[in-house]
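Residue-level structural notes
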Amino acid sequence: MKTMIRLCIAVVCCMCFFACDMRELCYDHDSHAYKYQVNIVADYEQEWQYPLLPAKDWRENWPDTFNVRYSDLLPILPSGLRVMIYDSLRYDRQNIGRNGGLVYLTELEKSFIICNNNTETIIFNDERKKDTASVTTTVPSVTTRSISRSSYDGNQYSSLKDIDTRTEPDVLFVNYISSYQPISSIKPLDLPVLLKPVVYTYYIRYEFEYGIEHVNQARGALAGMSGTVNLHTQEPGDELVTVMFNAKINSFGVDADVKSFGLPFDQTELGFQFVDGEYTCGLNLEVLLSNGNIKSFEFDITDQIKLQPRGGVIVVKGLRVEDEEALKEGSGFDVNVDGWGEYEDVVLDF
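Residues numbered from 1 in each chain as written. Predicted model: local features only at pLDDT ≥ 70, side-chain atom pairs only at ≥ 80, totals over all residues. Heavy atoms only, no water.

1. A look at the overall build of the protein chain
- The helix and strand inventory of the protein chain stands at 5 helices and 21 strands.
- Counting only residues that meet the buried cut, the protein chain has 49% of its 350 residues in that class.
- Partitioning the intrachain contacts of the protein chain with sequence separation of at least 6 by distance along the chain shows that 71% fall at a separation of at least 24.
- Per element, the accessible surface of the protein chain, about 17,800 Å² overall, is 52% carbon and sulfur. (Helix = DSSP H or I, 4+ residues; strand = E, 2+ residues; numbered from the N terminus. Buried < 20%, exposed > 50% of the residue type's maximum accessible area, 1.4 Å probe, protein only. Contact = heavy atoms within 4.5 Å. Areas by Shrake-Rupley, 256 points an atom, 1.4 Å probe, with all protein chains shown as cover.)

Pasting the structure below:
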């Protein structure tokens, strides 16, 4: 009898010693389904421009004469985050709150790409491949939609052979963690992450010296911006596109805050060249006059944009609409029709 009791005790002890974590036996709840969890704690670098030169640090040198404040251009924080999880066997994607939250893992070493999940104009391609996942305005990777505007066929000051017109990207915050080893614990460990913007803002001012009262609506195009940004490296890609945007009419003229991925790489005014020739950046403005006619302006802003590869301020001056242009018989075009205010979006099949 004593031998049987001892045997039973030994069996029970072995079962206790080799027993699995009870969380492995319960899959009814997310908090019980995985032994490995991490608590993402999110913080943000809320900037709209990163200066190359002190003279172009607009946070420190914001003109009082501008009709907007520097803080008005700061990117809005997202409503939530997307966590893309990679290991040697699988890819997973989970959504958490703006400030972070629990992410459920397996025991294998992980890599994370974390970004905001409230993007509408950005399409994610190849996100299952952590080294190529990117946001872009062209194939492959992540893209915004192509758009067409019948009145725009390029800019004489732009070096782009293909105008490749695209919508503005949404604000995008990103953090990449190359290696994380999950640890099994009763209380999930905190993982602080700092998300930085990879979409920048150019505040563009078209200053009229005469005739702004004749302008009813305005829109523009910025040719020569990067079409992609890699979510792994956070570096803009080499492909250049034209970003289309709407603009606002003010007492001094027209302005717009235009989102883009910036320039392909940081360069100084003297060093910015591409293999196939010198880079030039063209800026366009179309205004709809009160008589229904459209007038276009084109500018070479290469010198300004080279010094501001990650957002900044672009100013062009001396624009005019003469009284004769506004008084002559128009095309009969209804200034309120949707054909002016809206672009034609064309979704590409990838």
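2. So, the packing of aromatic side chains
- Overall, the coordinates contain 14 aromatic pairs when judged by the stated rule.
- An angle of 85° between the planes, with centres 6.0 Å apart, marks the rings of tyrosine 50 and tyrosine 200 as edge-to-face. Within this pair, whereas tyrosine 50 is found in the loop between strand 1 (36-44) and strand 2 (80-86), its partner tyrosine 200 is found in strand 11 (residues 200-210), the two being separated by 150 residues in sequence.
- The class for tyrosine 50 is partly exposed, based on a relative accessible area of 25%.
- Here the aromatic rings of tryptophan 62 and tyrosine 70 are separated by 5.7 Å at their centres, their planes lie at 80°, and the arrangement is edge-to-face. Each member of the pair tryptophan 62 and tyrosine 70 is classed as buried.
- Among the aromatic residues, ring-to-ring pairing joins Trp48, Trp58, Trp62, Phe66, Tyr70 and Tyr203 into one connected group. (Phe/Tyr/Trp six-rings, centres within 6.5 Å; stacked < 30°, edge-to-face > 60°.)

3. A few points about the pattern of salt bridges
- Tallied over the entire structure, the rule returns 12 salt bridges.
- We note a salt bridge from glutamate 207 to arginine 205, for which the minimum N-O separation is 3.2 Å.
- A relative accessible area of 5% places arginine 205 in the buried class.
- Between glutamate 286 and arginine 219 there is a salt bridge, with the nearest N and O atoms lying 3.1 Å from each other. Taken together, the positions of glutamate 286 in strand 18 (residues 282-289) and arginine 219 in strand 12 (residues 215-226) put the pair 67 residues apart, joining distant regions of the chain. (Salt bridge = Lys/Arg side-chain N within 4 Å of Asp/Glu carboxyl O.)

4. Concerning the pairing of strand 1
- Counting buried positions over the 9 residues of strand 1 gives 7, a clear majority of the element.
- Relative to strand 4 (residues 100-105), strand 1 runs antiparallel, the two sharing 6 bridges. Bridging across to strand 4, valine 41 finds its partner in glycine 100.
- Here 7 bridges tie strand 1 to strand 10 (residues 189-197), and the two strands are oriented parallel to one another. Counted as the bridge partner of valine 38 is leucine 189 from strand 10. (Pairing = 2+ DSSP bridges.)

5. Digging into the confidence of the model for the protein chain
- Put simply, the protein chain has an average pLDDT of 82, and 74% of its residues get 70 or more.
- Of the regions scoring below 50 in pLDDT, residues 17-33 engages in 18 contacts with residues more than four places distant in sequence or in other chains.
- Confidence drops under a pLDDT of 50 for residues 136-141, and excluding neighbours within four residues, the segment shows 34 contacts in the predicted structure. (pLDDT = per-residue confidence, 0-100.)

6. Some remarks on the nonpolar core
- Ile204, Tyr206, Phe208, Leu222, Leu283 and Leu285 are the most contacted members of the largest nonpolar core, which totals 38 residues.
- If you list the elements that add at least two residues to this core, you get strand 11, strand 12, strand 14 (240-249), strand 15 (253-260), strand 18, strand 19 (294-300) and strand 20 (312-320).
- Contacts of leucine 222, omitting those with residues within four sequence positions, involve Tyr202, Ile204, Val241, Thr242, Val243, Phe245, Cys281, Gly282, Leu283 and Ile301.
- If you look at the next biggest cluster of nonpolar residues, it comprises 19 residues, including Tyr44, Leu81, Phe112 and Leu195. (Core = buried A, V, L, I, M, F, W, Y, C linked by side-chain atoms within 4.5 Å.)

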